Amino acid sequence: EIPATATAPGLDVARERLKLARMSKEELAAYYRHLDDVVVIRNNIYTARKEGCFDGHAKGLAEGRAEEKRNNARKMKELGIDANIISQVTGLSPEEINAL
């Protein structure tokens, strides 16, 4: 047993090794499967980022937000709200609002 209050260098590694030593064969096998899964998941994330999958998702979200701003601006314009006020609320330029 290593006391929780002990702070000598290397004790964290020793605590981890003790945890592994106390595990049953089944627990140890499950632990190593988990570590393998973590490696696979990290690799999948790395590959997806490299291939631009996350960038495409971000672009889609940005396009959706821009479309929502235009829809809100259209609704406000239909209600007779001044283009300058709509511009302040939506961030669209008065020219973009007038073109709607």
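All values derive from a computational prediction rather than experimental measurement. (Residues numbered from 1 in each chain as written. Predicted model: local features only at pLDDT ≥ 70, side-chain atom pairs only at ≥ 80, totals over all residues. Heavy atoms only, no water.)

> I'd like a rundown of the overall build of the protein chain, residues and numbers included.
Within the protein chain one finds 5 helices and 0 strands. For the protein chain, the α and β elements follow one another from N to C terminus as α-α-α-α-α. Since a compact globule built from 100 residues should have a radius of gyration of about 13 Å, the 28 Å found for the protein chain marks it as more spread out than a globular shape. Expressed as lengths along the three principal axes of its C-alpha atoms, the size of the protein chain is roughly 75 × 35 × 20 Å. Burial status across the protein chain gives 10% buried among its 100 residues. (Helix = DSSP H or I, 4+ residues; strand = E, 2+ residues; numbered from the N terminus. Rg over C-alpha atoms; globule rule 2.2 N^0.38 Å. Buried < 20%, exposed > 50% of the residue type's maximum accessible area, 1.4 Å probe, protein only.)

> Tell me about the packing of aromatic side chains, residues and numbers included.
Using the criterion set out here, one finds 1 aromatic pair in the structure. On the numbers, 5.5 Å between centres and 65° between planes, the contact of Tyr-31 with Tyr-32 is edge-to-face. (Phe/Tyr/Trp six-rings, centres within 6.5 Å; stacked < 30°, edge-to-face > 60°.)

> Would you mind going over the side chain of Ser-87 in detail, with residue names and values included?
Looking at the element boundaries, Ser-87 is found in helix α4 (residues 83–90). Judged by relative accessible area, which is 17%, Ser-87 ranks as buried. Beyond its immediate chain neighbours, meaning those up to four positions away, Ser-87 contacts Leu-92, Ser-93, Pro-94 and Ile-97. (Contact = heavy atoms within 4.5 Å.)

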